[in-house]
Amino acid sequence: MAKPAHLPDVVLITKADCHLCTEARAAVGRVTAALGIDWSEKSVEDDAGLRERFAEEIPVVLVNGVQRDFWKIDEARLTRTLQRVLDQPS
């Protein structure tokens, strides 16, 4: 089922055995839950293109395909970014 156009596509790029990724999952989960939106996760181990692009920046948060944060996820900044997307007319 396709999501409505005004809902942001939030993707967390991670890798195995990454303590920052664990923290990022929790941060992204809190922010998206508070805003009532979904998010997904992709691993660089499953995608050579992601591994090449983000190898030194994991974890990375993408919103609508644009890199918005990496390493330590700033929940306030992510909230503001997502709120701007949600506030745009569809």
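Parameters and conventions
- Residues numbered from 1 in each chain as written.
- Predicted model: local features only at pLDDT ≥ 70, side-chain atom pairs only at ≥ 80, totals over all residues.
- Heavy atoms only, no water.
- Disulfide = S-S within 2.5 Å.
- Buried < 20%, exposed > 50% of the residue type's maximum accessible area, 1.4 Å probe, protein only.
- pLDDT = per-residue confidence, 0-100.
- Helix = DSSP H or I, 4+ residues; strand = E, 2+ residues; numbered from the N terminus.
- Salt bridge = Lys/Arg side-chain N within 4 Å of Asp/Glu carboxyl O.
- Patch = residues over 30% accessible without salt bridge, like charges linked within 9 Å, V, L, I, M, F, W, Y side chains within 5 Å.
- Areas by Shrake-Rupley, 256 points an atom, 1.4 Å probe, with all protein chains shown as cover.
- Lys, Arg positive; Asp, Glu negative; His and termini not counted.
- Charge placed at Lys NZ, Arg CZ, Asp CG, Glu CD.
- Phe/Tyr/Trp six-rings, centres within 6.5 Å; stacked < 30°, edge-to-face > 60°.
- Expected span 1.5 Å × (residues − 1).
- Contact = heavy atoms within 4.5 Å.
- Pairing = 2+ DSSP bridges.
- Axes fitted to C-alpha atoms, helices over the stretch in contact; angles between N-to-C directions.

Engineer: Sorry, what's going on with the state of the cysteines here?
Structural biologist: Note: disulfide means a covalent bond formed between the sulfur atoms of two cysteine side chains. All chains considered together, the criterion is met by one disulfide. Two residues share a disulfide in this structure: Cys-18 and Cys-21, whose sulfurs sit 2.4 Å from each other. Judged by the sign of its S-S torsion, about 75°, the bond between Cys-18 and Cys-21 is right-handed. Relative accessible area serves as the criterion here: at 12%, Cys-18 is assigned to the buried category. Judged by its relative accessible area of 0%, Cys-21 falls in the buried class.

Engineer: Sorry if this is basic, but what is going on with the confidence of the model for the protein chain here?
Structural biologist: For residues with low pLDDT, the predicted coordinates do not support detailed interpretation. Taken over all residues, the pLDDT of the protein chain has a mean of 92, while the share at 70 or more is 93%. Confidence, expressed as mean pLDDT per element, reaches its minimum in the protein chain at helix α2 (residues 48–54) with 93 and its maximum at strand β1 (residues 10–14) with 98.

Engineer: Explanation requested: the pattern of salt bridges in the structure shown.
Structural biologist: Between side chains of opposite charge, pairing is possible as soon as their charged atoms come close. Within this structure, the stated rule accounts for three salt bridges. Across the pair Glu-41 and Arg-25 runs a salt bridge, and its minimum N-O distance is 2.9 Å. Residue Glu-41 is located in strand β2 (residues 40–43), and its partner Arg-25 is located in helix α1 (residues 19–35); the two are separated by 16 residues in the primary sequence. Residue Arg-25 is classed as partly exposed on the basis of its relative accessible area, which comes to 29%.

Engineer: Is there a simple way to explain a negative patch on the surface in this structure?
Structural biologist: A cluster of acidic residues, Asp-17, Glu-45, Asp-46 and Asp-47, forms a negative patch on the protein surface. Mapped onto the elements, Asp-17 comes out in the loop between β1 and α1. According to the relative accessible area criterion, Asp-17 is exposed, its value standing at 83%.

Engineer: I would appreciate a short explanation of the packing of aromatic side chains in the present structure.
Structural biologist: The geometry of an aromatic ring pair is captured by two quantities: the separation of the ring centres and the angle between the planes. Evaluation of the coordinates by the stated rule reveals one aromatic pair. Ring centres 4.6 Å apart and planes at 65° place the aromatic pair Phe-70 and Trp-71 in the edge-to-face group. Residue class for Phe-70 comes out partly exposed when judged on its relative accessible area of 30%. Given the relative accessible area of 43%, Trp-71 is considered partly exposed.

Engineer: Honestly, helix α3 (residues 75–87) in this entry has me stumped. Any pointers?
Structural biologist: Taking 1.5 Å of rise per residue, the 13 residues of α3 would be expected to cover 18 Å, and the 18 Å separating its terminal C-alpha atoms lies within 8% of that figure. On the buried face of α3, the contacting elements are β1, α1, β3 (60–63) and β4 (66–70).

Engineer: What should I look at first to understand the sheet that holds β4 in this one?
Structural biologist: Backbone-to-backbone hydrogen bonds pair the strands of a sheet. The strands run either parallel or antiparallel. Here we have four strands laid out as an open sheet, ordered β2-β1-β3-β4, and mixed in their pairing. Single-partner strands in this sheet number two, and they are β2 and β4. For this sheet, the mean angle separating the axes of adjacent strands, direction not counted, is 30°. Taken together, the four bridges between β1 and β3 define a ladder with antiparallel strand orientation. Within the sheet, the bridge partner assigned to Ile-13 lies in β3 and is Val-60. Each of β1, β2 and β3 is contacted by α1, which is oriented at about 170° to β1, the strand it contacts most.

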